[in-house]
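Architecture at a glance
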Amino acid sequence: MPESRRERSPSDVSLNGVTVNTATPTASNITPGYDERTDSPPAIAAGKLRVAIYNMGFVEDGDNEVTIDVNGEPLQPYAPPIIFEAQLDPVTNVFKYTPAITIDNSGGARIRIITQE
């Protein structure tokens, strides 16, 4: 016969002076941002949850199919986006947000920037 046990859900567990808080996280909302342009945007500030940068290539008259640079890395037209995402460091239990991001679009490609904070 299988062993049966009763599960409990305490808010704190104490083991010889070690306390681990298991409280439920607080809910909040994500604020999305969207920008589409053919010039070089101002630097994207550090501290976002997620940033996706697309090189759309030719979409409308005046757009150019040229490579852009994102923090010094090339992004070809129609290539998958470059994505920056916040990450939790499980060792230090610190949530690390995205860095500041610079985009060089001196060639006039159509770029799309989607942010979440």
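Below you will find a few notes about this structure.

Thoughts on the nonpolar core
Counting 13 residues, the largest nonpolar core has Ile-53, Ile-68, Val-70, Ile-101 and Ile-103 as its most contacted members. When contributions to this core are tallied by element, the ones reaching two or more residues are strand E4 (50–57), strand E5 (68–70), strand E7 (82–85) and strand E11 (110–116). Not counting residues up to four positions away in its chain, the partners in contact with Ile-103 are Ser-40, Pro-41, Ile-44, Ile-53, Ile-68, Asp-69, Val-70, Ile-111 and Ile-113.

Structural notes on unusual backbone geometry
For Tyr-78, which is not a glycine, the phi torsion comes out positive at approximately 70 degrees. Inspection of the secondary structure puts Tyr-78 in the loop between strand E6 (73–75) and E7.

Details of the pairing of E4
With four bridges joining them, E4 and E7 adopt antiparallel strand pairing. Residue pairing across strands places Val-51 opposite Phe-84, the latter belonging to E7. As defined by bridge partners, E4 adjoins E11 across seven bridges and the pair is classed as antiparallel. Residue pairing for E11: Val-51 is matched across the bridge by Thr-115.

Some words on the sheet that holds E6
Pairing in this open sheet of three strands is antiparallel, and the strands run E6-E5-E10 from one edge to the other. The outermost strands of the open sheet, each flanked by one partner alone, are E6 and strand E10 (103–104). Relative to E6, E5 runs antiparallel, the two sharing three bridges. Bridging across to E6, Val-70 finds its partner in Glu-73.

Quick notes on the packing of aromatic side chains
Counted according to the given criterion, the structure contains one aromatic pair. A centroid spacing of 5.2 Å and a plane angle of 80 degrees characterise the contact between Phe-95 and Tyr-97, whose relative ring orientation is edge-to-face. A relative accessible area of 46% means that Tyr-97 is categorised as partly exposed.

So, how was this worked out
- Residues numbered from 1 in each chain as written.
- Predicted model: local features only at pLDDT ≥ 70, side-chain atom pairs only at ≥ 80, totals over all residues.
- Heavy atoms only, no water.
- Core = buried A, V, L, I, M, F, W, Y, C linked by side-chain atoms within 4.5 Å.
- Buried < 20%, exposed > 50% of the residue type's maximum accessible area, 1.4 Å probe, protein only.
- Helix = DSSP H or I, 4+ residues; strand = E, 2+ residues; numbered from the N terminus.
- Contact = heavy atoms within 4.5 Å.
- Pairing = 2+ DSSP bridges.
- Phe/Tyr/Trp six-rings, centres within 6.5 Å; stacked < 30°, edge-to-face > 60°.

Take it as geometry only, folks, not as evidence of what the structure does.
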